[in-house]
Amino acid sequence: MTISGKPAGNDPAPRLDRAAVAKRAARDLVDGSTVNLGIGIPALCANFLPDGVELLYHAENGILGFKELSAPGEGDPNLMDAGGKFPKLVPGMAFFDSVESFNLIRGGHIDVTVLGALQVSRTGDLANWIIPKRGIGSIGGAMDLAANAKRVVIAMEHTARGDTPKIVEECTFPLTAPGCVDEIVTDIAVIKIDRVSGRMILRETAPGWSFDDVQALTEATLVVDGEIVEIS
Amino acid sequence: MTISGKPAGNDPAPRLDRAAVAKRAARDLVDGSTVNLGIGIPALCANFLPDGVELLYHAENGILGFKELSAPGEGDPNLMDAGGKFPKLVPGMAFFDSVESFNLIRGGHIDVTVLGALQVSRTGDLANWIIPKRGIGSIGGAMDLAANAKRVVIAMEHTARGDTPKIVEECTFPLTAPGCVDEIVTDIAVIKIDRVSGRMILRETAPGWSFDDVQALTEATLVVDGEIVEIS
Amino acid sequence: MPINKISNSFVDAVADIPSGASIMIGGFGGAGGQPTRLMMALRDLGVGDLTIIGNVAGISKTTGYGWPEHLDPIDHGMFFESGQATKITCSFPVPGTTNPLSEIERAWREGRAEVDIVPQGTLIERIRSAGAGVPAFYTPTGVGTPVAEGKEHRDFDGRTYLLETALSADYALIRAQKADTRGNLQYTGTSRAFNPAMATAAKVTIVEVDEIVEVGGIDPERVETLSTYVNRIVQREAGDPLP
Amino acid sequence: MPINKISNSFVDAVADIPSGASIMIGGFGGAGGQPTRLMMALRDLGVGDLTIIGNVAGISKTTGYGWPEHLDPIDHGMFFESGQATKITCSFPVPGTTNPLSEIERAWREGRAEVDIVPQGTLIERIRSAGAGVPAFYTPTGVGTPVAEGKEHRDFDGRTYLLETALSADYALIRAQKADTRGNLQYTGTSRAFNPAMATAAKVTIVEVDEIVEVGGIDPERVETLSTYVNRIVQREAGDPLP
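Account for the overall build of chain C, naming residues and giving values.
From N to C terminus, chain C includes seven helices and 11 strands. The globule rule puts the C-alpha radius of gyration for 243 residues at 18 Å, and the 18 Å found for chain C is close to it. Referenced to the eigenvectors of the C-alpha coordinate spread, the extents of chain C come out at roughly 50 × 45 × 35 Å. Across the 243 residues that make up chain C, the buried fraction comes to 65%. A sequence separation of at least 24 residues applies to 78% of the contacts in chain C between residues at least 6 apart. Summed over its atoms, the accessible surface of chain C is roughly 8100 Å², and 46% of this surface lies on carbon and sulfur atoms. For chain C, the separation between the mean place of its 21 positive charges and that of its 30 negative charges on side chains is 2 Å.

Quick look at the structure:
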């Protein structure tokens, strides 16, 4: 795990960097799963798979089983991922059209999706497609993924600019899907959402961060259920 | 045109044989069309295409662009038509699954289907999938084809056993689709159905058959609209 | 770990199918694309009260439909002859002739089996919908026929449509030409038919193939069923005389 | 007569598109699978009041999305920069950044264009439905979001779904790798995306291809769009520098 620099502002300790967040999120990905990674921190998860874990990466544009990207300048525009990047051709890949791609998503065949978020509510509502003041946004595959993947993990920075909480009691931004998030991995915490009871359970904290430190940057009420361990 | 033998019973002249019915039905098939032929007389149409006409034959099981059948004993079970026969592999064919096959049908992309019938009503209702007294029947692709092809042509014998009329005022058999038939080609007549006015217009008769001869074997009221010509 | 879904035998592949299960059987009807060895293994397993979902079903034995002339056809009728199946949902359960009587028609006449006849395009779209997360859709097919009885009718742009619902199953027995060890599938010719859609619509999808290859042994342009949908693969013995 | 759908030029292929037409543009977004030469011909034709239907649309020029680094990206924004388009239906019309502003967002801010944002899975299913004769279907996607506003909600098996309707167009401009003269199409890699479904959903489907071959020049296992759906084919010039 990489932690660098001094803590910012009132932080008790440094926050994790993007790679460390991705690494922690990757740890829960189960061998053999079909996985869709959103852009940003989620896409980095692919770099940190535990030994022995083989995943089938799916991208909305019609590809299953891709791995690393081509070297800069060597990509083939006809071999793209959903982020507009160009993966290498590897054995076992499959190409298909958008109908098939969203059958896989809408039909509930994606085991896990890791997405970014603007806001997540205590009950697992997700908002990640539009900032209200801009007035225009992009949905892409996010609503289909959030509503239909078997498991939805959010990998993001814990707060927005100025330490504005992103983990909130109720989302104020327009939703991507209600009650869909299972787990949040941030640069200071790992939080499980028990959607049945509507509780946010703090499970792990970054080194040097206490429950109270995390709660202070979280609008939603966190609870303890079992031991809180250090993110490793 | 092949007409053989003496007229049966009270017939004024011989009825056309199955090949002649198919040949007449084939004459209206427009060059370049995508066509689905039902089993029986309709399937024979493929043997009688006018010179210069090239059709794309579609079969429900997922094949477009087939032509003649393989020789007996030489067929490939993985290259079948919807009648369970084995066509030859020819250039330009395409194979696809049943979802795609019925997208083509349901989506209205089949230009013409030629089907058999048990009954056709004056307003173009078609019954061709179940004989009520048997109590069990097979629908297959017939309802999708009848309801959705751009043009539905019936090729059949004019009457059932004992000269029971098959062309009726109202179908007494369970329907395949209501108001779908555009034209009927039989062994004694060619009849157009004007579904807007609900009229059956007798257009052509077999050699030696008059309007009254055909009407006598037809329960539905036939009308004349333009000249009646001899089937050729 | 590399994903590997190979079952050692047809017996093993179907061993957990319980009585009362719903079973999709792939192909169109006829030998091509039919999971004949899996069907025979399920028959030999002997479980009962099965619901079969097929397309053209049980007409090959009496008519030769879709089988080479020199072979004795094998079809869905086996589960009705054995008394294992009590229901079938399909589009084409009986041939034109009743002489001899097909096993499905015989079971139906004797009150041993329920037969649910669905238009073929509606049947495949219902199966596809189950796999695609669409619980229901409207279709023009069947309006004004016995198929429409009891169903919601609704007009869109002046035409009347029926509401049809998704159709899933506990197991899908399907047939492909080739699988890689991960479960990607490739079909040949007209053997696709109902197989790819059924693979997406069952809780457990079991595939009978002619050939299993290593990962990379199928052209990525020719993966016609994605490995995600496949649970078990069984390869036929070399030289299997059945098509 | 052998069927032959070849147009002599991109100019000829789009010449009859009138002002006010609705135009589907294939691909996913990015260079692969985008009918770039047809788009440029439509821009040069100069007709206006167009409704564009795309997916990821108009974000390549400012972000490089899906384009090789050494090329200047070309995207759907051209129709908004030229003032020809007054509406777009798509899933992803703006990038994360507003610096510089994309042409679609600029047109929207200036009140020159309506932007209709649809979840991608709903968008492709609506297009597919138009081609498949399904006027409407239920989907779980969008429930509880702004997308659901004004739409019928309905529960099936305890889950809530939205009713979504088919989406067709006057023209589809699509891109394939190879066509035969009859109009059968083959794609390559991830260039399929929205192209095959759009080919089925427009009154007139016009295809930009890299290569035209004789009938028989495409493997029957690789016909990914059936010729029945295709009206016109135009081949790119050899050595076209655009991807």
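Now that the structure has been shown, we can carry on.
Give me the lowdown on the overall build of chain A, citing residues and values where you can.
A count of helical and extended segments in chain A gives five helices and 16 strands. Taking 17 Å as the expected radius of gyration for a compact globule of 232 residues, we find that chain A reaches 18 Å, a close match to that expectation. In chain A, buried positions account for 57% of the 232 residues. Carbon and sulfur atoms make up 51% of the accessible area of chain A, which totals about 8900 Å². Averaging the positions of the 21 positive and the 31 negative side-chain charges in chain A gives two centres separated by 3 Å.

Give me the interface of chain D and chain A: which residues, what numbers.
Many descriptions give the size of an interface as the accessible area lost when the pieces come together. Opposite the 50 residues of chain D that make contact, chain A presents 41 residues. Here chain D and chain A share an interface that buries about 3300 Å² over both sides, 63% of which is from carbon and sulfur atoms. Along the contact surface separating chain D from chain A lie two salt bridges. A salt bridge links R106(A) to E125(D); the shortest N-O distance between them is 3.8 Å. One can count 18 residue pairs in polar contact (both at pLDDT 80 or more) joining chain D with chain A. For the side of chain D that touches chain A, the elements supplying multiple residues, two or more each, are α5 (103-109), β4 (114-117), α6 (120-132) and α7 (195-201) of chain D. Of the residues forming the side of chain D that touches chain A, the biggest block, six residues, is contributed by α6(D). A per-class count over the side of chain D that touches chain A returns 24 nonpolar, 20 polar and six charged.

Account for the pattern of salt bridges, naming residues and giving values.
Residue and element names in this part refer to chain B. This model, assessed by the stated rule, comprises 74 salt bridges over all chains. We note a salt bridge from K150 to D111, for which the minimum N-O separation is 3.1 Å. Here the residue K150 occupies a position in the loop between α4 (142-148) and β8 (152-155), and D111 occupies one in the loop between α3 (98-106) and β5 (112-115), the gap between them amounting to 39 residues. For K150, a relative accessible area of 55% gives the class exposed. Two residues, R199 and D194, come together in a salt bridge whose shortest N-O distance is 3.7 Å.

Hey, could you go over the relation of the copies chain D and chain C for me, with residue numbers and the actual values?
Each copy superposes on the other: chain D lies on chain C with an RMSD of 0.0 Å after a rotation of 180° and an axial shift of 0.0 Å. Given the turn and translation reported, the copies of this chain are related as if by a two-fold rotation axis. In terms of C-alpha distance to the rotation axis, chain D has F137(D) as its closest residue, with the C-alpha 2.1 Å off the axis. Interface residue correspondence from chain D to chain C reaches 100%, placing this contact among same-surface, isologous pairings.

Report on the sheet that holds strand β7 (residues 126-127) of chain B, specifying residues and quantitative values.
Strand pairing in a sheet relies on backbone hydrogen bonds, with the paired strands running either antiparallel or parallel. All names here are of chain B. Ordered by their spatial adjacency, three strands build an open sheet running β7-β6-β11, and the pairing between neighbours is mixed. Of all the strands in the sheet, the pair left with one neighbour each is β7 and β11 (167-168). Sheet topology note: the strand β6 (residues 119-121)/β7 ladder contains two bridges and is antiparallel. Residue pairing across strands places Q119 opposite A127, the latter belonging to β7.

I'd like a rundown of empty space enclosed by the protein, residues and numbers included.
Evaluation of the coordinates by the stated rule reveals six cavities of 30 Å³ or more. If you add up the space inside the largest cavity, you get close to 930 Å³. Lining of the largest cavity is provided by 35 residues; of these, D97(A), E100(A), D97(B), E100(B) and E224(C) occupy positions nearest its centre.

I'd like a description of the packing of aromatic side chains, backed by residues and values.
A complete count under the given rule lists seven aromatic pairs over all chains for this structure. Ring geometry for Y138(C) and Y138(D): centres 6.3 Å apart, planes at 45°, overall tilted. With Y138(C) in strand β5 (residues 136-139) and Y138(D) in strand β5 (residues 136-139), this residue pair bridges two chains. When sorted by exposure, Y138(C) lands in the same class as Y138(D), which is buried. Centre to centre, the rings of F156(D) and Y161(D) are 5.9 Å apart; their planes meet at 70°, and the pair counts as edge-to-face. As far as burial versus exposure is concerned, F156(D) and Y161(D) are alike and both buried.

Before we move on, can you summarise the sheet that holds strand β11 (residues 167-168) of chain A with the specific residues and values?
On the basis of which strands lie adjacent, the open sheet formed by three strands has the order β7-β6-β11 (chain A) and mixed pairing. The open sheet has two edge strands, β7 (126-127) and β11 of chain A, and neither has a second partner.

I'd love a proper account of the packing of helix α3 (residues 98-106) of chain A against helix α6 (residues 120-132) of chain C, names of residues and values included.
Two elements in contact, α3(A) and α6(C), have axes separated by 7 Å at closest approach and are oriented at 60°. Note on element contacts: α6(C) touches α3(A) through R128(C), G131(C) and A132(C), opposite V99(A), N103(A) and R106(A). Its residues assigned to classes, the contact of α3(A) with α6(C) shows two nonpolar, two polar and two charged.

How would you explain the side chain of Q34(D) if you had to name every residue and give the values?
Residues and elements named next belong to chain D. The residue Q34 is located in the loop between β1 (22-25) and α2 (36-45) in this model. Assessed through its relative accessible area of 2%, Q34 is described here as buried. In this view, Q34 contacts G26, G27, M39, W67, I74, D75, H76 and R175; residues no more than four positions away in its chain are not counted.

Before we move on, could you go through the interface of chain D and chain C and cite the residues and values that matter?
Counting residues at the interface gives 21 residues for chain D, matched by 21 residues for chain C. Together, P135(D), Y138(D) and E221(D) form the three largest contributors to the area buried by chain D at its contact with chain C, with a combined 33%. Counting across the interface, chain D meets chain C through eight salt bridges. A salt bridge links E221(D) to R222(C); the nearest nitrogen and oxygen atoms lie 3.6 Å apart. Our count for the contact surface shared by chain D and chain C stands at 13 residue pairs in polar contact (both at pLDDT 80 or more). Looking at the side of chain D that touches chain C, the elements that each hand over two or more residues are α6, β5, β6 (153-156) and β7 (159-165) of chain D. Per-element tally for the side of chain D that touches chain C: the top contributor is β5(D), with three residues. Of the residues that constitute the side of chain D that touches chain C, the class distribution is 10 nonpolar, three polar and eight charged.

Please set out the environment of I117(C) residue by residue, giving values where relevant.
Relative to the helices and strands, I117(C) is located in strand β4 (residues 114-117). Taking the C-alpha atoms as reference, I117(C) lies 23 Å from G133(C); in sequence the two are 16 residues apart. Sequence-distant contacts of I117(C), defined by excluding residues within four places in its chain, comprise W129(B), I136(B), G137(B), I139(B), C90(C), S91(C), P93(C) and V147(C).

An account of the side chain of E105(D) is requested, with residue identities and associated values reported.
Mapped onto the elements of the fold, E105(D) is located in helix α5. In this structure E105(D) comes out as buried when scored by relative accessible area, which is 1%. Excluding residues that lie within four positions of it along the chain, E105(D) makes contacts with R134(A), I136(A), V94(D) and T98(D).

Which residues make up helix α1 (residues 18-26) of chain B, and what values go with them?
Inspection of α1(B) places A20(B), V21(B), A22(B), R24(B), A25(B) and A26(B) among the buried residues, and these make up the whole buried set. Check the buried side of α1(B) and you find it contacts α2 (41-44), β8, β12 (183-185), β13 (189-194) and β14 (199-205) of chain B.

Report on the confidence of the model for chain C, specifying residues and quantitative values.
Of all residues in chain C, 100% attain a pLDDT of 70 or more, and the chain-wide mean is 97. At the level of chain-chain contacts, confidence expressed as ipTM amounts to 0.97, with global pTM at 0.98.

Cut-off values and rules
Residues numbered from 1 in each chain as written. Chains lettered and ligands numbered in written order. Predicted model: local features only at pLDDT ≥ 70, side-chain atom pairs only at ≥ 80, totals over all residues. Heavy atoms only, no water. Helix = DSSP H or I, 4+ residues; strand = E, 2+ residues; numbered from the N terminus. Rg over C-alpha atoms; globule rule 2.2 N^0.38 Å. Buried < 20%, exposed > 50% of the residue type's maximum accessible area, 1.4 Å probe, protein only. Contact = heavy atoms within 4.5 Å. Areas by Shrake-Rupley, 256 points an atom, 1.4 Å probe, with all protein chains shown as cover. Lys, Arg positive; Asp, Glu negative; His and termini not counted. Charge placed at Lys NZ, Arg CZ, Asp CG, Glu CD. Buried area = accessible area lost by both parts, 1.4 Å probe. Salt bridge = Lys/Arg side-chain N within 4 Å of Asp/Glu carboxyl O. Polar contact = N/O pair within 3.5 Å; in protein donor to acceptor, adjacent residues only side chain to side chain. Nonpolar A, V, L, I, M, F, W, Y, C, P; charged D, E, K, R; others polar. Least-squares fit on C-alpha atoms with pLDDT ≥ 70 in both. Pairing = 2+ DSSP bridges. 1 Å grid on protein atoms, 1.4 Å probe; cavity = no way out; pocket = protein on both sides within 12 Å on 5 of 7 lines; lining within 4 Å. Points joined across faces, edges and corners; volume = space filled by probe spheres on them. Phe/Tyr/Trp six-rings, centres within 6.5 Å; stacked < 30°, edge-to-face > 60°. Axes fitted to C-alpha atoms, helices over the stretch in contact; angles between N-to-C directions. pLDDT = per-residue confidence, 0-100.

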